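Take a look at the letters that make up each chain.
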Amino acid sequence: MALERTLSIIKPDAVAKNVIGPIYSRFEQGGLKIIAAKMVQLSRAEAEGFYAVHRERPFFNALVEFMISGPVMVQVLEGEGAVLKNRDLMGATNPKEAAAGTIRADFADSIDANAVHGSDSLENAAIEIAYFFPATAVYAGR
Ligand code: UDP
């Protein structure tokens, strides 16, 4: 497996629940290293841009409203097979279907307030990391 980087967002519901720490522990215990991080309040334009791939979906407006409803914690995770590893740690999109012990099973309330985002492919990870972090903001291995 290759060393990869992926983008993670702790969404407004989980930030409001005060569970950034426990979620970070899941990443670290899962072998992923947090190599860049920032808390941001997304503007509507930033949220729409980030989720542009979903703009034709029926839940798009609600998703954007939710993502701008409070601060989010954005991080770059690095590790062997980081993209899939993070998706495994997150669990299914709908927390009702998420496997026991996953972040969404333990911290998410519903399919729309589902605690975390994680890039779904290596290609999208590169795009999403560049969306939030200029290259100089990532300090892996230093
Ligand atoms: N979403 C939603 N309703 C749905 C499906 C998705 O609100 O019926 C939201 C949810 O927050 C999800 C995001 O849209 O995390 C992106 O959907 P995707 O299918 O890419 O799921 P993910 O990759 O986040 O598991």
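These figures come from a predicted structure and were not determined experimentally.

**Q** Please clarify how the nonpolar core should be interpreted in this entry.
**A** Note that soluble globular proteins tend to have their nonpolar side chains buried in a common cluster. In terms of nonpolar packing, the biggest core is built from 21 residues, with Leu7, Ile9, Met67 and Phe132 touching the most fellow members. Sorting the residues of this core by element identifies strand E1 (3-10), strand E2 (33-40), helix H3 (44-50), helix H4 (60-67), strand E3 (72-80) and helix H7 (122-132) as the ones contributing at least two each. If one sorts the elements of this core by residue count, H4 sits on top with five residues. The residues contacting Phe132, other than those within four sequence positions of it, are Leu7, Ile9, Lys38, Leu42, Phe50 and Val74. Counting residues in hydrophobic clusters, the runner-up holds 18 residues, among them Ile10, Ala14, Val15 and Ala115.

**Q** Which parts of the structure should I look at to understand the UniProt feature "active site" (unreviewed entry) in the chain?
**A** UniProt records the feature "active site" (unreviewed entry) at His117, using the numbering of this structure. Its place among the elements puts His117 in strand E4 (residues 116-118).

**Q** Looking at this structure, how should I read the UniProt feature "binding site: ATP" (unreviewed entry) in the chain?
**A** In the UniProt entry, the feature "binding site: ATP" (unreviewed entry) is given for Lys11, Phe59, Arg87, Thr93, Arg104 and Asn114. Mapped onto the fold, Arg87 is located in helix H5 (residues 82-90). For Arg87, the residues in contact, after removing those within four places along its chain, are Gly118, Ser119 and Asp120. As for its position among the elements, Asn114 is in the loop between helix H6 (103-107) and E4. Assessed through its relative accessible area of 2%, Asn114 is described here as buried. Each residue touching Asn114, except ones within four places of it in the same chain, is listed here: Lys11, Asp13, Thr93, Pro95, Arg104 and Ala108. Among the polar contacts made by the side chain of Asn114, one reaches the main-chain carbonyl oxygen of Thr93 at a distance of 3.1 Å.

**Q** Please clarify how the side chain of Gln75 should be interpreted in this entry.
**A** Looking at where Gln75 falls in the secondary structure, it is placed in strand E3. There is a polar contact of 2.6 Å between the side chain of Gln75 and the side chain of Tyr24. When near neighbours in sequence (up to four residues on either side) are disregarded, Gln75 contacts Thr6, Leu7, Ser8, Ile9, Ile10, Tyr24, Phe27, Ile34, Ala36, Ala37 and Phe133.

**Q** I keep staring at unusual backbone geometry and nothing clicks. Help me out?
**A** A negative phi angle is the norm for most residues apart from glycine, just as the trans form is the norm for most peptide bonds. One non-glycine residue, Asn18, lies in positive phi territory at about 65°. Here Asn18 lies in the loop between helix H1 (12-16) and helix H2 (20-29). At Ala115, a residue that is not glycine, the phi angle is positive and equals roughly 75°. Its relative accessible area of 0% is what places Ala115 among the buried residues.

**Q** What exactly am I supposed to notice about the confidence of the model for the chain here?
**A** Regions with low pLDDT should not have their predicted coordinates read in detail. Looking at the chain as a whole, the pLDDT averages 95, with 95% of positions reaching at least 70. The complex model carries a pTM of 0.95, and its ipTM stands at 0.97.

How each quantity is defined
Residues numbered from 1 in each chain as written. Predicted model: local features only at pLDDT ≥ 70, side-chain atom pairs only at ≥ 80, totals over all residues. Heavy atoms only, no water. Core = buried A, V, L, I, M, F, W, Y, C linked by side-chain atoms within 4.5 Å. Buried < 20%, exposed > 50% of the residue type's maximum accessible area, 1.4 Å probe, protein only. Helix = DSSP H or I, 4+ residues; strand = E, 2+ residues; numbered from the N terminus. Contact = heavy atoms within 4.5 Å. UniProt positions renumbered as here; feature names shortened; annotations may be inferred. Polar contact = N/O pair within 3.5 Å; in protein donor to acceptor, adjacent residues only side chain to side chain. pLDDT = per-residue confidence, 0-100.

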